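Examining the three-dimensional arrangement
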Amino acid sequence: MSGCYFYARCIIILSEQRNVDKKQVSGGDMNYTYIAECRDGSLYTGWTTDLEKRISAHNAGKGAKYTKNRRPVRLVYFEEFETKEEAMKREYAIKHMSRSKKIMLIGQKFKEQIHTSQ
């Protein structure tokens, strides 16, 4: 039970975080691998060059087929890469992880953000 609470708390804190640099997630030369949480609690993994635009597309029903009937989605995790190939390779690796490993990945990112914000 405590694992579920920790996971839920990570999602809430990450989704409420306001200090992410807009240039970092909107457009630019970077490529991102991301995990979005769907309305039903499932996790969707993808890659993009513009996180803000991609999450908006998912929520408008114009993203992946998987998320179309599971809206709204919210960004819970992302990693930056210099090349599309790196981002796609990481997306593939994450998609093959178990749900529990994805949750651990999200929790690890949460812990890193807590340490850097202190």
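Below or above, wherever it landed, is the structure these notes cover. Keep in mind that what you see is a predicted model, and the values were worked out from it rather than measured.

This part is about unusual backbone geometry. When glycine is set aside, most residues are seen to have a negative phi, and most peptide bonds are trans. Residue Pro 72 follows Arg 71 across a cis peptide bond; omega there is 0 degrees. Mapped onto the elements, Pro 72 comes out in the loop between helix 4 (65-68) and strand 3 (74-81).

Moving on, we come to the pairing of strand 2 (residues 43-48). Most of strand 2 sits out of view: five of its six residues are buried. For strand 1 (residues 31-37) and strand 2, the ladder comprises six bridges, and the chain directions are antiparallel. The residue of strand 2 that forms the bridge with Tyr 32 is Thr 48. Between strand 1 and strand 2, which pair antiparallel in sequence order, lie five residues; one of them, Gly 41, sits at a positive phi of approximately 90 degrees.

Turning to the side chain of Thr 45, a few remarks are in order. Of note, Thr 45 is situated in strand 2. When sequence neighbours within four positions are dropped, the list of residues in contact with Thr 45 reads Thr 33, Tyr 34, Ile 35, Glu 91, Ile 94, Lys 95 and Lys 102.

Further remarks concern the sheet that holds strand 2. A sheet is described by the order of its strands in space; here three strands give the open sequence 2-1-3, paired in antiparallel fashion. Strands with a single pairing partner mark the edges of an open sheet, and in this sheet they are strand 2 and strand 3. Direction aside, the axes of adjacent strands within the sheet are offset by 20 degrees on average. Along the sheet, helix 3 (residues 51-59) makes contact with strand 1, strand 2 and strand 3, crossing strand 1 at roughly 35 degrees.

Before going further, it helps to spend a moment on the environment of Lys 84. Of note, Lys 84 is situated in helix 5 (residues 84-95). Overall, Lys 84 belongs to the partly exposed group, its relative accessible area being 41%. Sequence separation of Lys 84 and Asn 31 is 53 residues, and the distance between their C-alpha atoms is 5.8 Å. Setting aside anything within four residues of it in sequence, one finds Lys 84 in contact with Asn 31 and Trp 47.

Definitions and limits used
- Residues numbered from 1 in each chain as written.
- Predicted model: local features only at pLDDT ≥ 70, side-chain atom pairs only at ≥ 80, totals over all residues.
- Heavy atoms only, no water.
- Helix = DSSP H or I, 4+ residues; strand = E, 2+ residues; numbered from the N terminus.
- Buried < 20%, exposed > 50% of the residue type's maximum accessible area, 1.4 Å probe, protein only.
- Pairing = 2+ DSSP bridges.
- Contact = heavy atoms within 4.5 Å.
- Axes fitted to C-alpha atoms, helices over the stretch in contact; angles between N-to-C directions.

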